[in-house]
Amino acid sequence: VTFPDVPKPPPPKEPDIPKPDASLIKVLHLSDIHLDMAYTEGLNAECGEPLCCRPPNKPAPPGRPAGYWGDYECDLPLRTISNLFEHLAQHKDRFDWIYWTGDLPAHNVWNQTRLQQLETMHTLTSLMKLHLGDKMVYPTLGNHESAPVNSFPPPFITGGNSNKWLLDSYLLDFSHWLPSSTFSTIRKGGFYSVLLTAGLKLISLNMNYCNSENWWLLINSTDPAGQLQWMISELQESEDAGGKVHIIGHIGPGLGSCMAVWSWNYHRIVNRYEATIVGQFFGHTHNDEFQIFYDENDPSRAINVVFLGPSITPYTSNNPGYRIYELDGIHNDTTFQLVDHHVHYLNLTKANLDNDTTWKPEYGAREAYGLSNLLPQEWSNLVDSMETNNTLFHQFCKYYHRRETMECVTAGQKEQLLCALRTAQSHDSSHCHNITQAYRHYYNHRSC
């Protein structure tokens, strides 16, 4: 990629934390729903196959039947997702708009058809319109939206092998919320930009053009849709206007499943426009985590953070969850910086045992971790603290899966996770200090 011949502005000074009575913008983040229309209560939840709780699995042996509301080794039935939307509709005052970062179909990737993928997308967008049609929704494409899974041809592939079937339906289902100005780039490659409010732009990326399991990238893995170069133009436009930018996508740019060359260019872009990008929101891993960007010239200085949102699907070993971000609101000196975030979850065990489907607050980031703010350096300091503070680390582990009794790593794997949190450039463990080669191998091969 190439950059405009415009000097990089000086690093942004740390903004003042808004006063308690200052206006806030609140953004709901939903990710990785993975609706399974074939989910069947009572079937085997430990079937030994890639996805259980669905035909042709047989009834479960004693003790492991799939629950009515879902199971930790399976995707979710429609009734649980409907329950989520009903809950959100009752609490519309908690958020102003919605980021929806992809992966709508189930994990039965071996027998999915194009028609089934489109039916899932239409079912979920119809639910969203029914319950939250008056809220603005901004989507991005996950790797599971296509059939076969991960198959996202570059725009120059035409005819029956192209993704026209998916992009046309994606545009049709989400046109309820998206302005016509987004249509041309969505039709080209499933990405777009939109003005959220005066001074704040959203860039929605199709991260399948960095997906290492997208075999079409063997043709061109650098910037196959011209998306990164387009992103630079969008960021430069905002910088020139003194505006700020949020970025959403599905696969986090620092995950091992993002191609190294694509991720390297993305990292350069974030470094160049660190003063403009004030929020990045992705999904894919199903876990509650983050990735930190560091300055290319001063590796000790954290410059940005990717927030990986919790999944709605429990697959695997998670409680369903969603996140709400609080941003510096609309006023004369707004920075649009993140002020805090809060995670809510559904306890599947309690739902199945007691029919209790209450979506409860789990934690707020500043209170839970003792953060003075949500700026990048504070997250970097948190990771440093977790190296030696096991109590703090185990608290992070609990939130990682949204389960009280679940450890996010086994003994000896702590370093692996801390390395992943420090790494927003895939296949680069230079910020992991003394992490062993074995740990780096684990990190670089994480995928979902």
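Further up the page is the structure itself.
Bear in mind that the values here come from a model prediction, so they are computed numbers and not experimental data.

> Outline the packing of aromatic side chains, supporting the account with residue identities and numerical values.
Ring pairs (aromatic) are described by centroid distance and by the angle formed between their planes. For the structure on display, the rule yields 23 aromatic pairs. Arranged with centres 5.0 Å apart and planes meeting at 85 degrees, the rings of Tyr68 and Trp69 form a pair that is edge-to-face. A residue is classified by how much of its surface remains accessible, and Tyr68, at 36% relative accessible area, is partly exposed. Look at Phe396 and Tyr400: their rings are 6.0 Å apart centre to centre, the planes differ by 50 degrees, and that puts the pair in the tilted class. Residue Phe396 and its partner Tyr400 are located together in helix H10 (residues 390-401), separated by four residues, close to a single helical turn. Like Phe396, the residue Tyr400 is buried in the burial classification. The ring of Phe95 has Lys135 sitting right over it, with the charged end atom 5.3 Å from the ring centre. Here Lys414 stacks its cationic end above the ring of Phe393, 5.1 Å away from the centre of that ring.

> Hey, could you go over the state of the cysteines for me, with residue numbers and the actual values?
Summed over all chains, the structure comprises four disulfides. Each disulfide pairs two cysteine sulfurs, and for Cys419 the partner residue is Cys432, the sulfurs being separated by 2.1 Å. Taking the torsion about the sulfur-sulfur bond, which here is approximately 80 degrees, the covalent link between Cys419 and Cys432 counts as right-handed. Of this pair, Cys419 sits in helix H11 (residues 414-421) while Cys432 sits in the loop between H11 and helix H12 (437-444), and the two are 13 residues apart along the sequence. We classify Cys419 as buried; its relative accessible area is 1%. According to the relative accessible area criterion, Cys432 is buried, its value standing at 1%.

> Quick one: what's the story with the packing of helix H9 (residues 376-388) against H11, residue by residue and with numbers?
Helix-helix packing is described using two parameters, namely the angle between the two axes and the distance between the axes. Running from N to C, H9 and H11 point in directions that differ by 170 degrees, and their axes come no closer than 10 Å. Classified by the interaxial angle, the pair formed by H9 and H11 is roughly antiparallel. For the pair formed by H9 and H11, the contact residues are Val383, Met386, Glu387 and Thr388 on the first element and Lys414, Leu418 and Leu421 on the second. Within the contact of H9 with H11, the residues separate by chemical class into four nonpolar, one polar and two charged.

> Can you lay out the pairing of strand E9 (residues 302-308) for me, pointing to particular residues and giving the numbers?
Of all seven residues in E9, seven are buried, a share of seventy percent or more. Here three bridges tie strand E7 (residues 277-283) to E9, and the two strands are oriented parallel to one another. Paired with Gln280 across the two strands is Val306, which belongs to E9. Judged from the six bridges that link them, strand E8 (residues 289-294) and E9 form a sheet pairing that is antiparallel. When the sheet's bridge partners are listed, Gln291 is paired in E9 with Val306.

What counts and how
- Residues numbered from 1 in each chain as written.
- Predicted model: local features only at pLDDT ≥ 70, side-chain atom pairs only at ≥ 80, totals over all residues.
- Heavy atoms only, no water.
- Phe/Tyr/Trp six-rings, centres within 6.5 Å; stacked < 30°, edge-to-face > 60°.
- Buried < 20%, exposed > 50% of the residue type's maximum accessible area, 1.4 Å probe, protein only.
- Helix = DSSP H or I, 4+ residues; strand = E, 2+ residues; numbered from the N terminus.
- Lys NZ or Arg CZ within 6 Å of the ring centre and 35° of its normal.
- Disulfide = S-S within 2.5 Å.
- Axes fitted to C-alpha atoms, helices over the stretch in contact; angles between N-to-C directions.
- Parallel < 35°, antiparallel > 145°, perpendicular 65-115°, else oblique.
- Contact = heavy atoms within 4.5 Å.
- Nonpolar A, V, L, I, M, F, W, Y, C, P; charged D, E, K, R; others polar.
- Pairing = 2+ DSSP bridges.

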